[in-house]
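Below are the chains, spelled out letter by letter.
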Amino acid sequence: MTTPPPSPSSSTTDEPDNLDESPTAAPVEPDNVDNRRKRRLIIGGVAAAAVLLVVAACGAAVVGVVRIADAADAGVRRAGACEALEVRLNRLAPPGSTSGPRERAVAIRNENEAIRPFLDELRGDDDDDRLARRWTELVNARTTYADALDRQARNGAPAFFVAPDRGGVQRLAGRHHDCAASIRRLSAPDL
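Residues numbered from 1 in each chain as written. Predicted model: local features only at pLDDT ≥ 70, side-chain atom pairs only at ≥ 80, totals over all residues. Heavy atoms only, no water.

A closer look at helix H3 (residues 129-155)
- The end-to-end C-alpha distance of H3, which contains 27 residues, comes to 39 Å, matching closely the 39 Å that a straight helix rising 1.5 Å per residue would cover.
- Note on H3: the residue one or two positions beyond its end, Gly 156, has a positive phi of about 80°. (Helix = DSSP H or I, 4+ residues; strand = E, 2+ residues; numbered from the N terminus. Expected span 1.5 Å × (residues − 1).)

Right, dumping it as structure tokens:
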């Protein structure tokens, strides 16, 4: 014989009766207002720091571009000044073409006067202070040589040109490519 199925009301298994209800877990407390405020402050601080970094990076980029533009502008002005110096020097007779020490001294002083506007323009640039100093040393050495040539014309004492610093003259020529011909001419006043 067969046994009839058990009735739904009678329970022979150990299943709980409350299957429709959710299992009881530890109660979850709602977020504390202070925790929310802290999170908001941290997120706001991170966002503000990111904005500041972006602004600082943009500012640094602008400053870099301005410096590059100023350097390019200074290079163009320097090249124009070198060309003007070359024109002024080419209008004068070179000291080596003169017949005596007194005429050579006058030619050297005339060339030194032709350099003055160039030096004034160099002194206007903050970046070129060392170069202006080297140019001034070259002019001073030439002036000393012109004075020695005047003494040679008066009493026969020999005059020698002593360049201020051979490396300095080479650095001038290397830094001022546009002025290289003028530098070579000015560093050898006997030619």
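Quick notes on the state of the cysteines
- Applying the stated rule across the entire model yields one disulfide.
- The disulfide bridge from Cys 82 ends at Cys 179, spanning 1.6 Å between sulfur atoms. Looking along the S-S bond of the Cys 82-Cys 179 disulfide, the torsion reads about -100°, which is the left-handed sense. Taken as a pair, Cys 82 in helix H1 (residues 33-90) and Cys 179 in the loop between helix H4 (166-175) and helix H5 (180-186) lie far apart in primary sequence, 97 residues in all. (Disulfide = S-S within 2.5 Å.)

A word on the packing of aromatic side chains
- The final tally for this structure, using the stated rule, is two aromatic pairs.
- Measuring from ring centre to ring centre gives 4.8 Å for Phe 118 and Trp 135, while their planes differ by 65°; the resulting arrangement is edge-to-face. Of the two residues, Phe 118 is situated in helix H2 (residues 101-124) and Trp 135 in helix H3; the sequence distance between them amounts to 17 residues. The pair formed by Phe 118 and Trp 135 is uniform in burial state, with each residue classed as buried. (Phe/Tyr/Trp six-rings, centres within 6.5 Å; stacked < 30°, edge-to-face > 60°. Buried < 20%, exposed > 50% of the residue type's maximum accessible area, 1.4 Å probe, protein only.)

What to know about the pattern of salt bridges
- Taken as a whole and judged by the stated rule, the model has six salt bridges.
- Among the salt bridges present, the one from Glu 111 reaches Arg 142, with a minimum N-O distance of 2.4 Å. Linking Glu 111 in helix H2 with Arg 142 in helix H3, this pair joins segments that are 31 residues apart in sequence.
- Given a relative accessible area of 0%, Glu 111 falls into the buried group.
- The exposure class assigned to Arg 142 is buried, which follows from its relative accessible area of 0%.
- Here Arg 185 and Glu 111 are joined by a salt bridge, their closest N and O atoms 2.9 Å apart. Pair noted here: Arg 185 is in helix H5 and Glu 111 is in helix H2, with a separation of 74 residues, a long-range link.
- One network of salt bridges, in which partners are shared, links Arg 109, Asp 147 and Asp 150. (Salt bridge = Lys/Arg side-chain N within 4 Å of Asp/Glu carboxyl O.)

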